[in-house]
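The chain contents come next:
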Amino acid sequence: MKAVVMNRYGTPDVLELKDVAKPTPKADEVLVRVHAASVNDWDWGLLHGTPFVNRMVSGLFTPKVRIIGGDIAGCVEAVGGDVSAFEQGDEVYGDLCLSGFGAFAEYVCAPEACLVHKPAGMTFEQAAAIPQAGMLAVQGLIDAGRIQSGQTLLLNGAGGGVGTFALQMAKLYEAEITVVDKPGKLEMLRAMGADHVVDYLKEDFTKGDKCYDLILDTKTNRSPLAYTRVLNPNGTYVTVGGSMPRLLQALVVGPFVSRISSKHVRIVSLKPNKDLAYMNELFEAGELVPVIEGPYKLADVPDALRFFGTGDHKGKITVTMV
Ligand SMILES: NC(=O)c1ccc[n+]([C@@H]2O[C@H](COP(=O)([O-])OP(=O)(O)OC[C@H]3O[C@@H](n4cnc5c(N)ncnc54)[C@H](OP(=O)(O)O)[C@@H]3O)[C@@H](O)[C@H]2O)c1
């Protein structure tokens, strides 16, 4: 089978389209013919070996993961002996970030626990866009943020994968939504229902007068106290990711903030695939449509990653194999 392989850390230039052996599923695994995949920040980190501390797990000098890509959508080609939820021909999707990645390939083996059935009306590309960013949006907004109807919400980094899912979900709670991103993405976000837009190149929302009940942040590049300054009493700041030193600050400072004030600082630790059934419900009800750039062909995965690196993408970048 064809796969995009990396034998060393580096830029997208180190990725090569190669012929490799087709994998064989273990007893609890499903062999998936991959139709589509999508690019996530973790792929970028695995490719570059950053942040460096992650190399303790991913391989100090040589990467252990040779085929990156977490989010897949495709058709079940074969199942292991212990698999009960799926059979040959089923259309499935899920995130393989805890089971070895491998999405940028024609076939991949996935534990059955990582997959759900894809609704018939959802394209493979749409399905591949959902898992990681969709879970971070649900777990940030609902589990950690405990969003309530009618709240004021600020989405920082709203134009990317997580933000475009979170915006659509927050609309269901009739939240008053402020989005923060680059100018090129703000028109799209307004058209998706954002009430207020902030161009982060011109304005720092943490220095303004407006306060929010909930902030969901995909970029965390300021101190936790800068964010809590613009929270209403009882407000919550939730980060799903960003600068490592800032995340460590949030981890340390968060508990003190709750102790000395009515505000909260929370960090989301991704639970992959936990809420895919909920995403299917929203999609089938017409309440959620993934925002997609692409698709790129499998051979063009390096270009897809280069585009991801520019930050100019809106929503998710997808790759198709079929
Ligand atoms: N918590 C966990 O367990 C876990 C697991 C996986 C991933 N993650 C994290 O989750 C996040 C994924 O977010 P995503 O998929 O939405 O990423 P994304 O698609 O790259 O979107 C991020 C958005 O933020 C914008 N942005 C960049 N700099 C900004 C700034 N200073 N202020 C406001 N917006 C800014 C980007 O636009 P421009 O660059 O064009 O400005 C882009 O639109 C990453 O931080 C990742 O590391 C966390």
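Scoring rules and cut-offs
Residues numbered from 1 in each chain as written. Predicted model: local features only at pLDDT ≥ 70, side-chain atom pairs only at ≥ 80, totals over all residues. Domains from an automatic or database assignment. Contact = placed C-beta atoms within 7 Å. Nonpolar A, V, L, I, M, F, W, Y, C, P; charged D, E, K, R; others polar. Pairing = 2+ DSSP bridges. Helix = DSSP H or I, 4+ residues; strand = E, 2+ residues; numbered from the N terminus. Axes fitted to C-alpha atoms, helices over the stretch in contact; angles between N-to-C directions. Buried ≥ 20, exposed ≤ 12 C-beta atoms within 10 Å, placed from the backbone. Core = buried A, V, L, I, M, F, W, Y, C linked by C-beta atoms within 7 Å. Near = placed C-beta within 6 Å. Right-handed = clockwise from strand over helix to strand, strands pointing away.

(A) Expanded view of the domain arrangement of the chain. Taken domain by domain, the chain comprises domain 1 (2-130 + 290-320) and domain 2 (133-267). Each partner contributes residues to the interface: domain 1 has 9 residues there, and domain 2 has 10 residues. Broken down by class, the residue content of the side of domain 1 that touches domain 2 amounts to 3 nonpolar, 2 polar and 4 charged.

(B) Quick look at the sheet that holds strand E8 (residues 152-156). Reading across the sheet, the 6 strands line up as E10-E9-E8-E11-E12-E13 and stay open at both edges, with parallel pairing between neighbours. Single-partner strands in this sheet number two, and they are strand E10 (196-199) and strand E13 (264-267). Direction aside, neighbouring strands of the sheet carry axes that sit 15° apart on average. Bridge count between strand E9 (residues 176-181) and E10: 4 bridges; the pairing is parallel. Paired with Val-180 across the bridge in E10 is Val-198. Lying on the sheet, helix H6 (residues 183-191) is in contact with E9 and E10; it crosses E10 at an angle near 175°.

(C) Quick look at the environment of Ala-78. Checked against the element boundaries, Ala-78 lands in strand E4 (residues 71-79). Look at Ala-78 and you get partly exposed, because 16 C-beta atoms sit within 10 Å. Taking the C-alpha atoms as reference, Ala-78 lies 5.5 Å from Gln-88; in sequence the two are 10 residues apart. In this view, Ala-78 contacts Pro-25, Leu-31 and Gln-88; residues no more than four positions away in its chain are not counted.

(D) Spotlight on the nonpolar core. Of all hydrophobic cores here, the largest spans 55 residues; its most connected members are Val-32, Ile-72, Phe-104 and Val-108. Sorting elements by how many residues they give to this core places strand E3 (residues 29-38) first, with 6 residues. Those residues in contact with Phe-104 that sit more than four places away from it in its chain are Ala-3, Val-4, Ala-37, Ile-67, Ile-68, Gly-69, Leu-298, Val-301 and Val-319.

(E) Structural view of unusual backbone geometry. Across the junction of Thr-50 and Pro-51, the peptide omega takes the value -10°, indicating a cis bond. With respect to the helices and strands, Pro-51 occurs in the loop between helix H1 (41-48) and helix H2 (55-58). Cis rather than trans, the peptide bond between Gly-294 and Pro-295 has omega equal to 5°. For Pro-295, the position within the fold is in strand E14 (residues 292-297). Here Asn-234, not a glycine, exhibits a phi torsion of approximately 70°, which is positive. Tracing the backbone shows Asn-234 in strand E12 (residues 231-239). Taking the number of C-beta atoms within 10 Å as the measure of exposure, Asn-234 has 10 and is therefore exposed.

(F) Main features of the site of the ligand. Every one of the 28 residues lining the ligand counts as a neighbour, but Gly-157, Gly-160, Gly-241, Leu-270 and Gly-311 are closest to it. Of all the elements in the fold, those that place two or more residues in the shell around the ligand are H1, helix H4 (131-144), helix H5 (161-172) and E9. Broken down by class, the residue content of the shell around the ligand amounts to 9 nonpolar, 13 polar and 6 charged. Counting residues domain by domain, the shell around the ligand receives three or more from each of domain 1 (2-130 + 290-320) and domain 2 (133-267).

(G) Here's a closer look at the pairing of E8. Burial of E8 is extensive: 4 of the 5 residues sit out of reach of the surface. Strand direction decides the pairing type here: E8 and E9, joined by 5 bridges, are parallel. Residue pairing across strands places Thr-152 opposite Glu-176, the latter belonging to E9. Taken together, E8, H5 and E9 constitute a β-α-β crossover, and its handedness is right-handed. Note: E8 against strand E11 (residues 212-217), 4 bridges, orientation parallel. What sits directly across from Leu-154, in E11, is Ile-215.

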